[in-house]
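# Examination of the molecular architecture
In case you want the letters, here they are:
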Amino acid sequence: MAEALLHIAGLAKAYGALHVTAGVDLAVLPGEIHALIGPNGAGKTTLVGQIAGEVMPDAGTIRFDGADITRLPVHKRARLGLARAFQITSIFPRFTALEHAALAVMAARGRTFRLLRPASSDRAAREEAAGLLDEVGLAARAEVAAAALSHGEKRALELAMALAARPRLMLLDEPMAGTGPAESAAMVALLTRLKGRCAILLVEHDMDAVFRLADRISVLVNGRIIACGTPDAVRADAAVKAAYLGDGA
Ligand SMILES: Nc1ncnc2c1ncn2[C@@H]1O[C@H](COP(=O)(O)OP(=O)(O)OP(=O)(O)O)[C@@H](O)[C@H]1O
């Protein structure tokens, strides 16, 4: 098996008596789409927060590309190539899709956004931003205000903004949430296109999407990974059926 890009061992976090992650072991390989599934309250979002650096673990280690990042702050993890896609299109609703993507490009380069700047200084950023929009299927929507984008288009814009950092691992927390079937299918198609560009850790409740997209799936139940494997192996796993997927999956 290829060397893991992200390697988590014994990760634990408790809030009072509630052990939200209770000794999680997880490995994400370079370029794979690794889905993290589990019932409501299983600890998925907390685990993503721990990987991103927003939630400090009580115990355990997180290694990224061989380096121990367990105690690194968010921005240093981001600089190493760990990006989390956020729902950020509501921050500047009047800014266009292109302006949002250009902001992300400038932020990724460590340049502060200045309202009064020579146009030439961000021409390159806008060109790169246009390329990112093209990649996520928003080229024709570049000049549309973010607020006017559809729900699915906003999610695509957030992906473009996360990609601006040229991540090696992207953390995606429920990109299909609140999308209808058509938008969900578009997001599956988009993530399929991005496959291999960077590894993706995907938290998602839409099982159709998960089983279509994932190279491997980890199942988190009560703060522990109870199974990890290919979609077929996970679908057939007796413990997963009992704890989560049920017999109909
Ligand atoms: N800051 C916090 N303080 C106290 N309890 C918390 C905190 N954050 C999360 N929890 C609790 O930890 C548990 C796991 O939450 P988490 O959001 O990680 O689960 P999840 O698997 O992402 O759930 P869902 O699928 O519903 O989004 C929940 O019971 C939640 O109430």
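Values in this document were obtained by computation on a predicted structure and should not be read as measured data.

## Here we look at the sheet that holds strand S1 (residues 6-15)
Reading across the sheet, the four strands line up as S2-S1-S4-S5 and stay open at both edges, with antiparallel pairing between neighbours. Two strands in the sheet have a free side with no partner beyond their single neighbour: strand S2 (18-28) and strand S5 (67-68). For strand S4 (residues 59-64) and S5, the ladder comprises two bridges, and the chain directions are antiparallel. Counterpart to Phe64 in the pairing with S5 is Ala67. Relative to S2, helix H1 (residues 44-52) is tilted by about 60°, and along the sheet it contacts S1, S2 and S4.

## A word on helix H3 (residues 97-108)
A rise of 1.5 Å per residue sets the reference length of H3, with its twelve residues, at 16 Å; its end C-alpha atoms lie 17 Å apart and thus fit the reference within 8%. For H3, the buried fraction is high: ten of the twelve residues fall into the buried class. Regarding H3, the residues found buried are Ala97, Leu98, His100, Ala101, Ala102, Leu103, Ala104, Val105, Met106 and Ala108. Elements in contact with the buried residues of H3: helix H4 (123-135) and helix H5 (151-163).

## Some words on the environment of Gly180
Positionally, Gly180 belongs in the loop between strand S7 (169-173) and helix H6 (181-194). A residue is classified by how many C-beta atoms lie within 10 Å of it, and Gly180, with 12 of them, is exposed. Sequence-wise, Gly180 and His151 are 29 residues apart; in three dimensions their C-alpha atoms are separated by 9.2 Å.

## Thoughts on unusual backbone geometry
The phi dihedral of Glu174 is positive, around 55°, even though this residue is not glycine. Topologically, Glu174 is positioned in the loop between S7 and H6. Positive phi, close to 50°, is recorded for Asn222, a residue that is not glycine.

## Re the site of the ligand
Neighbouring residues of the ligand: Tyr15, Leu18, Val20, Gly38, Asn40, Gly41, Ala42, Gly43, Lys44, Thr45 and Thr46. In terms of residues, the shell around the ligand owes the most to one element, H1, which gives three residues.

## Quick word on the pairing of strand S10 (residues 224-229)
Summarising the sheet, strand S9 (residues 216-221) and S10 pair through five bridges and their orientation is antiparallel. Bridge assignment links Ser218 to a residue of S10, and that residue is Cys228. Taking the residues between adjacent antiparallel strands as the criterion, S9 and S10 are bridged by two residues, where Asn222 takes a positive phi near 50°.

## As for the pairing of S7
Counting buried positions along S7 yields four of five residues, so the element is predominantly enclosed. Here strand S6 (residues 82-84) pairs with S7 via three bridges, running parallel. Residue Leu82 lies in a different strand from S7, and its bridge partner there is Leu169. Where S7 lies against strand S8 (residues 199-203), five bridges are found, and the strand directions are parallel. What sits directly across from Leu169, in S8, is Ala199. The parallel pair S7 and S8 is bridged by H6, and the resulting crossover is right-handed.

## Here we look at the confidence of the model for the protein chain
Per-chain confidence: the protein chain averages 88 in pLDDT, with 91% of residues scoring 70 or above. Confidence metrics for the complex model read pTM 0.90 and ipTM 0.95.

Scoring rules and cut-offs
- Residues numbered from 1 in each chain as written.
- Predicted model: local features only at pLDDT ≥ 70, side-chain atom pairs only at ≥ 80, totals over all residues.
- Pairing = 2+ DSSP bridges.
- Helix = DSSP H or I, 4+ residues; strand = E, 2+ residues; numbered from the N terminus.
- Contact = placed C-beta atoms within 7 Å.
- Axes fitted to C-alpha atoms, helices over the stretch in contact; angles between N-to-C directions.
- Expected span 1.5 Å × (residues − 1).
- Buried ≥ 20, exposed ≤ 12 C-beta atoms within 10 Å, placed from the backbone.
- Near = placed C-beta within 6 Å.
- Right-handed = clockwise from strand over helix to strand, strands pointing away.
- pLDDT = per-residue confidence, 0-100.

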